[in-house]
Amino acid sequence: MVEEENKRAFIKNIILRVLKAASWGFVTYILVYYPLVLMYPSGAMPFEYSQLFNVFVAMVVFFAVITKLFSGTILEYAFSVAKALFMIIYFFYAFNGGAIGLTVPVSETTVNLVLDLRAFLAVLILVNLLALSKSVLQATEFLARKVEASELSVR
Amino acid sequence: MKQVIRALGWATSTLWIFIIVFSVTALYSVSNIDIGLGEAQIFASSEGMMFSLPFRIDNKGYHDISELNITTRVTDCNGTLITSSQTLVPLVSKGSSIETAHNISISLKDIMSIEFTPLLFSDSFFDLGTFISLNFAHTIPFQMSTNATILWGAPFYEFSTVKVSTHPYNSTHWEVITSLSFENHAFLNITGIIQLEIYNNINEQVTSGETSMDVPSGSRYEGQVITYIDLVDASRLTESGNVRVNFMTPMFTLEWWSPYG
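The rules behind the values
Residues numbered from 1 in each chain as written. Chains lettered and ligands numbered in written order. Predicted model: local features only at pLDDT ≥ 70, side-chain atom pairs only at ≥ 80, totals over all residues. Helix = DSSP H or I, 4+ residues; strand = E, 2+ residues; numbered from the N terminus. Rg over C-alpha atoms; globule rule 2.2 N^0.38 Å. Buried ≥ 20, exposed ≤ 12 C-beta atoms within 10 Å, placed from the backbone. Contact = placed C-beta atoms within 7 Å. Pairing = 2+ DSSP bridges. Axes fitted to C-alpha atoms, helices over the stretch in contact; angles between N-to-C directions. Expected span 1.5 Å × (residues − 1). Arc of directions from axis to C-beta. Domains from an automatic or database assignment. Nonpolar A, V, L, I, M, F, W, Y, C, P; charged D, E, K, R; others polar. Core = buried A, V, L, I, M, F, W, Y, C linked by C-beta atoms within 7 Å.

Some remarks on the overall build of chain B
- Along the backbone of chain B there are two helices and 15 strands.
- Against the 2.2 N^0.38 benchmark of 18 Å for 261 residues, chain B shows a C-alpha radius of gyration of 30 Å, more extended than a compact globule.
- Residues counted as buried form 15% of the 261 residues belonging to chain B.
- A sequence separation of at least 24 residues applies to 62% of the contacts in chain B between residues at least 6 apart.

Description of the sheet that holds strand β12 (residues 205-215) of chain B
Residue and element names in this part refer to chain B.
- Strand order in the open sheet formed by four strands is β12-β11-β14-β15, and the pairing between neighbours is antiparallel. Taken across any chain shown, the strands that pair with only one partner, and hence form the sheet edges, are β12 and β15 (253-260). Adjacent strand axes in the sheet meet at a mean angle of 20 degrees, parallel and antiparallel pairs treated alike.

Examining the interface of chain B and chain A
- With 23 residues of chain B in contact, the opposing surface of chain A contributes 23 residues.
- The set of elements that each furnish at least two residues to the side of chain B that touches chain A consists of α1 (2-31) and β8 (140-152) of chain B.
- Sorting elements by how many residues they give to the side of chain B that touches chain A places α1(B) first, with 12 residues.
- Note that strand β2 (residues 109-116) of chain A and β8(B) share five bridges and pair antiparallel. The partner of A:Leu115 across the bridge, within β8(B), is B:Phe142.

Topic: the pairing of β8(B)
Residue and element names in this part refer to chain B.
- Across 13 bridges, strand β7 (residues 124-136) lies against β8 in antiparallel orientation. The residue of β8 that forms the bridge with glycine 129 is asparagine 147.
- The antiparallel pairing of β7 with β8 creates a hairpin that spans three residues between the two strands, and alanine 137 there sits at a positive phi of about 55 degrees.

Some words on the pairing of strand β4 (residues 65-75) of chain B
Residues and elements named next belong to chain B.
- Judged from the 10 bridges that link them, β4 and strand β5 (residues 81-92) form a sheet pairing that is antiparallel. Looking across to β5, one finds that isoleucine 70 is bridged to threonine 87.
- Linking β4 back to β5 in an antiparallel pair, the connection comprises five residues, with glycine 79 at a positive phi of about 90 degrees.
- Summarising the sheet, β4 and β7 pair through nine bridges and their orientation is antiparallel. Within β7, the residue paired with threonine 72 across the bridge is threonine 130.

Some thoughts on helix α3 (residues 74-94) of chain A
Residues and elements named next belong to chain A.
- Between its first and last C-alpha atoms α3 spans 30 Å; for 21 residues at 1.5 Å apiece the expected length is 30 Å, and the two agree.
- For α3, the complete set of buried residues consists of Tyr77, Phe79, Ser80, Lys83, Ala84 and Met87. Along the long axis of α3, the arc covered by the buried residues comes to 160 degrees, so they all point the same way. Of the exposed residues in α3, the ones pointing more than 90 degrees away from its buried face are Ile89 and Tyr93.

With respect to the sheet that holds β2(A)
- The six strands lie next to each other as β1(A)-β2(A)-β8(B)-β7(B)-β4(B)-β5(B), forming an open sheet whose pairing is antiparallel. Each edge of the open sheet carries a strand with a single partner, namely β1 (99-106) of chain A together with β5 of chain B. Between one strand and the next, the sheet's axes are offset by a mean angle of 15 degrees, whatever the strand orientation.

Points about the domain arrangement of chain B
All names here are of chain B.
- Under the domain assignment, chain B is made up of domain 1 (1-31), domain 2 (34-152) and domain 3 (157-260).
- Computed over C-alpha atoms, the centres of domain 2 and domain 3 are 39 Å apart.
- Of the residues lining the interface, eight residues belong to domain 2; the matching set on domain 3 comes to eight residues.
- Considering only residue class, the side of domain 2 that touches domain 3 consists of five nonpolar, two polar and one charged.

Points about the nonpolar core
- With 12 residues, the main nonpolar core is built from B:Val176, B:Leu180, B:Ile194, B:Leu196, B:Ile198, B:Tyr199, B:Val225, B:Ile229, B:Leu237, B:Val243, B:Val245 and B:Phe247.
- Elements supplying a minimum of two residues to this core: β10 (173-183), β11 (190-199), β13 (220-230) and β14 (241-248) of chain B.
- No other element matches β11(B), which puts four residues into this core.
- Sequence-distant contacts of B:Val243, that is, excluding residues within four places in its chain, are made with B:Thr161, B:Thr178, B:Leu196, B:Ile198, B:Ser258 and B:Tyr260.
- With 10 residues, the next largest nonpolar core counts A:Ala84, A:Met87, A:Leu117 and A:Val127 among its residues.

So, the environment of A:Ile11
- Positionally, A:Ile11 belongs in helix α1 (residues 2-39).
- Sequence spacing of A:Ile11 and A:Phe26 is 15 residues, and the spatial spacing of their C-alpha atoms is 22 Å.

Regarding unusual backbone geometry
Residues and elements named next belong to chain B.
- Although it is not a glycine, glutamate 67 sits at a positive phi angle of roughly 50 degrees.
- Here glutamate 67 is to be found in strand β4.
- Residue glutamate 67 is classed as partly exposed on the basis of its 15 C-beta neighbours within 10 Å.
- One non-glycine residue, histidine 138, lies in the positive phi region at around 60 degrees.

Structural data, given as structure tokens:
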């Protein structure tokens, strides 16, 4: 009887978590995709950047869902660390190490454009490094709390 | 540890807000920069020609545009530098506009130099390299470069001299008629005087004369220079030799040697 109740509570908890994670993913999608589409209309973006943009939105939504799904567990922080690492690699790749070069054909000639975004990229990497260190500290604190609780229960 | 985590949280949030605000305002600013090009003008003087391209930048955005540098390099078909021009605009502050012009000067003295003299007699092309750099919001350097080919029309295209005839003029002189022809492929009209000196095959000057020219751009010139030589000197005029031609225009004077016969 107790076992069945526990099972039911577990399933209920899982369903609630999935629903919460799904709704959080949806909200993240709305908050990330639409403002970015307004800022960078997909028609104005070269194909490769359009693909990168879709990857960015997909990964942000994925990490939002997965961290929410595992919230309250150590995996929440592990995924937060993974997200920060992904963001750093993503931004470095998307910004081509800080120098974006484009060749645009204009009538009979070609125009070469070079945008130096190193300073901007540095800030983006810095913010993700801060997020990464925050997640590591949170994970440490979470483990410390768990150890403390288990030690108290043993006593 | 909680305080550190909280501080990191605040720092992360603050930086994200800064990044988002900067991105939004930067994109808004870029889309609100109004760049207008004026009508290109060509000024000709005795020292050369100047192409002037007026332009206007109206910065209606939230960020400054600084260190705007426009550089153009004109090289001939062999890559030899003909002229290089630079326009610097130190700052276009947010909400302000500037009006200036990029001037490309071509010195006739340079064009008349031995290196470029063939350009006066045969058509060619120039490479125009344009390089624009600026600093957006004092943090994002931007560079743009392009290359274009400009056709060069020679003012004395296919210049040729032909000694047409020599015949007695009067009891003391002979008349030498030398015909000249060329096509003015340049965009400017060529007006002035053509001075002609005929030298024989041992490089002695035999006779000289001059004629005027007024050749509109894109048209052909066919003229004659009639010179006279003393009967005594008639024998000095050989079947072949050289003609020294001086083109004297208000803009330049050019000396050219051409064989005849």
